[in-house]
Amino acid sequence: MSRNRSRRWLLWLGVIVLAAIVAAVLALISGSSGIPAGKVIRILSEHPSGLEGRIVWDIRFPRLLLGFAVGGALSLAGVLLQGMFRNPLVEPYTLGISGGAAVGVSLNILWGFSGVGPGLVFLFPHGSQDSPNLLFATIDRYWDWHLGLPLSGFLGACFVIFLLYLLSRRGRELPLQAMLLTGVMLTFISSSLMLLILAVSRTEDLQGILFWIMGSLDEPDPVLIRIMIGISLAGLGACYFFHADLNALALGEEEARHLGIRVERTKRAFFIIASVLTGVSVAVAGVIGFVGLVVPHIMRGLVGRDARLLLVASFLAGGTFLVLCDTVARTLIAPVELPVGVVTGLLGGCLFIYVLV
């Protein structure tokens, strides 16, 4: 029986890896300027400096890596939260984390926090090599590299995470029902604040706010891409460390305690891991819905509920799904690019309904 299970796991992992490879190839060859697959392979091996080489290495390849990282992180967060709440309808955005990030970014666009770096440099106009002016000039450069919006989004997500934990905690315990209801209410509050911000925003700010809310993988900063990849892989390792706890929680909290699981510590760990993965993903790529809901649900039906395979399969499938959706968003009405969050919502919603029916 164990040998049959291992063969089944290897078969599904092979299928998912093959789908990921196909999605990566499609992402690299598709676009307003189509590049044949053979030429893409030659570009990746030789690293030429021509126009097509810059398109592949500077635009499509970083976008591909970011798609796999964000999709994998959101899927992992979905697996953790659905396993912790024992509810397949819970997703990373249910707890209001994305709403807090959206409010933070919208306030940044509305009030112009991206001018913090230049403002700090202005306070120290006459500085030597060792003066604070050098530090603030470095901060200014980082703000110019489009770090202002992701940072404000991450701070907004962190604020909601802290508020959710503070309001849900009952002594040393973390009641799941209270956390879920509090998260839903925080989501509604964030949505109302977003409507208020949109109502008082200037016309030139509305497009930036709406485009960020709908999500995009068009991130030019390699530092943010590396951070996202690192946090995504670290999240996968942390999730796999708790795979036995996740399997035990699927039986219920009382049964998990009887199996020797420290339930409250495990719930806090799952909450922190899922919150960090979701907060960083939303801060870097905007609000991309349905990935953390659809992918874990489908993978659970395909590969089973054992977290040892479910975590890895969901990570790979989430990245594959987001990369495919981003490819569709870039090529459907090229050269105009659709927000990837719109495509994930449409495709993910239709796929989810199909699976349920």
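Coordinates for the structure precede this section.
**Q** Mind showing me how you'd approach the overall build of the protein chain here?
**A** A tally of regular secondary structure across the protein chain gives 15 helices and 0 strands. A burial count over the protein chain gives 48% of its 357 residues as buried. Counted over contacts in the protein chain with a minimum sequence separation of 6, partners at least 24 positions apart contribute 74%. Counting every atom, the protein chain has about 17700 Å² of accessible surface; 69% of that belongs to carbon and sulfur.

**Q** Hey, could you run me through the pattern of salt bridges in this one?
**A** Pairs can form between side chains of opposite charge once their charged atoms are near each other. Evaluated as defined, the whole model comprises 10 salt bridges. With its nearest N and O atoms 2.3 Å apart, the salt bridge here joins Glu337 to Arg63. Here Arg63 lies in helix 3 (residues 51-85) and Glu337 lies in the loop between helix 14 (307-331) and helix 15 (340-356), a separation of 274 residues in the sequence. Judged by relative accessible area, Glu337 falls into the partly exposed class, the value being 28%. One salt bridge connects Arg308 with Asp306, and the closest N-O pair in it is separated by 2.7 Å. According to the relative accessible area criterion, Asp306 is buried, its value standing at 18%. Here the salt bridges share partners, and the residues they tie into one network are Glu253, Glu254, Arg257, Glu264 and Lys267.

**Q** Looking at this structure, I do not really get the nonpolar core. What am I missing?
**A** Across soluble globular proteins, you tend to see nonpolar side chains buried next to one another. Formed by 80 residues in total, the largest nonpolar core has its most connected members in Val70, Phe85, Leu95, Met179, Met228, Ile288 and Met299. In terms of residue count, the dominant contributor to this core is helix 3 (12 residues). Residue contacts for Met299: discarding those within four places in its chain leaves Ile16, Gly304, Leu310, Ala313, Ser314 and Ala317. The next biggest cluster of nonpolar side chains, apart from the first, holds 11 residues, and it includes Ala23, Ala24, Ile35 and Ile55.

**Q** I keep staring at the packing of aromatic side chains and nothing clicks. Help me out?
**A** What characterises a pair of aromatic rings is the spacing of the ring centres plus the angle enclosed by the ring planes. Applying the stated criterion to the full structure yields 4 aromatic pairs. Taking the centre distance of 6.2 Å and the plane angle of 20° together, the rings of Tyr165 and Phe271 count as stacked. Here Tyr165, found in helix 6 (residues 132-168), pairs with Phe271, found in helix 12 (residues 263-285); they are 106 residues apart in sequence, far enough to count as distant. We classify Phe271 as buried; its relative accessible area is 3%. Ring pairing ties together the aromatic residues Phe241, Phe242 and Phe270, which thus form one cluster.

**Q** Just to check I follow, could you spell out empty space enclosed by the protein for this structure?
**A** Unfilled space is identified by rolling a water-sized probe across the atoms. Considering all chains together, one arrives at 1 cavity of 30 Å³ or more under this definition. Approximately 40 Å³ is the volume found for the largest cavity. Every residue along the wall of the largest cavity is listed here: Ala27, Arg60, Arg63, Leu64, Leu217, Val323, Asp326 and Arg330. Mapped onto the lining of the largest cavity, the elements with two or more residues apiece are helix 3 and helix 14. For the lining of the largest cavity, the per-class residue count stands at 4 nonpolar, no polar and 4 charged.

**Q** Help me understand helix 8 (residues 203-213), please; the structure alone is not making it clear to me.
**A** A turn of α-helix holds 3.6 residues, and therefore any two residues three or four places apart point the same way. Buried within helix 8 are the following residues: Asp205, Ile209 and Trp212. Looking straight down helix 8, one finds its buried side chains confined to an arc of 65°; they lie on one side. Across helix 8 from its buried face, at more than 90 degrees, point the exposed residues Thr203, Glu204 and Gln207. Close packing links the buried residues of helix 8 with helix 4 (97-111), helix 7 (176-200) and helix 12.

**Q** Explain the packing of helix 4 against helix 12 to me, please; I cannot follow it from the model alone.
**A** When two helices pack together, you describe them by how their axes are tilted relative to each other and by the distance separating the axes. One way to put it is that helix 4 packs onto helix 12 with a least axis distance of 9 Å and a crossing angle of 35°. By crossing handedness, the relation of helix 4 to helix 12 is classed as right-handed. Across from Ile97, Ser98 and Ala101 in helix 4, the residues of helix 12 making contact are Ser275, Thr278, Gly279 and Val282. The class makeup of the residues in the contact of helix 4 with helix 12 is 3 nonpolar, 4 polar and no charged.

**Q** What is the right way to look at helix 9 (residues 222-241) in this model?
**A** Spanning 20 residues, helix 9 covers 29 Å between terminal C-alpha atoms, matching the ideal 28 Å at 1.5 Å per step. Inspection of helix 9 places Leu224, Ile225, Met228, Ser232, Gly235, Leu236 and Cys239 among the buried residues, and these make up the whole buried set. Down the axis of helix 9, the buried side of the element spans an arc of 110°, and every buried residue falls inside it. Facing away from the buried side of helix 9, by more than 90 degrees, are the exposed residues Arg226, Leu233, Ala234 and Phe241. For helix 9, the capping residue at the N-terminal end is Asp221, with a side-chain oxygen 2.9 Å from the backbone nitrogen of Val223.

**Q** Would you mind showing me how to read unusual backbone geometry here?
**A** What is expected of a backbone is that most residues other than glycine have negative phi and most peptide bonds are trans. In the Ramachandran plot, Arg86 falls in the positive-phi region, its phi being about 55° despite a non-glycine side chain. Turning to its location among the elements, Arg86 is positioned in the loop between helix 3 and helix 4. We classify Arg86 as exposed; its relative accessible area is 52%. A positive phi is found at Phe290, a non-glycine position, where the angle reads about 75°. Residue placement: Phe290 occurs in the loop between helix 12 and helix 13 (291-303).

Conventions adopted
- Residues numbered from 1 in each chain as written.
- Predicted model: local features only at pLDDT ≥ 70, side-chain atom pairs only at ≥ 80, totals over all residues.
- Heavy atoms only, no water.
- Helix = DSSP H or I, 4+ residues; strand = E, 2+ residues; numbered from the N terminus.
- Buried < 20%, exposed > 50% of the residue type's maximum accessible area, 1.4 Å probe, protein only.
- Contact = heavy atoms within 4.5 Å.
- Areas by Shrake-Rupley, 256 points an atom, 1.4 Å probe, with all protein chains shown as cover.
- Salt bridge = Lys/Arg side-chain N within 4 Å of Asp/Glu carboxyl O.
- Core = buried A, V, L, I, M, F, W, Y, C linked by side-chain atoms within 4.5 Å.
- Phe/Tyr/Trp six-rings, centres within 6.5 Å; stacked < 30°, edge-to-face > 60°.
- 1 Å grid on protein atoms, 1.4 Å probe; cavity = no way out; pocket = protein on both sides within 12 Å on 5 of 7 lines; lining within 4 Å.
- Points joined across faces, edges and corners; volume = space filled by probe spheres on them.
- Nonpolar A, V, L, I, M, F, W, Y, C, P; charged D, E, K, R; others polar.
- Arc of directions from axis to C-beta.
- Axes fitted to C-alpha atoms, helices over the stretch in contact; angles between N-to-C directions.
- Left-handed = near helix turned anticlockwise from the far one by under 90°.
- Expected span 1.5 Å × (residues − 1).
- Polar contact = N/O pair within 3.5 Å; in protein donor to acceptor, adjacent residues only side chain to side chain.

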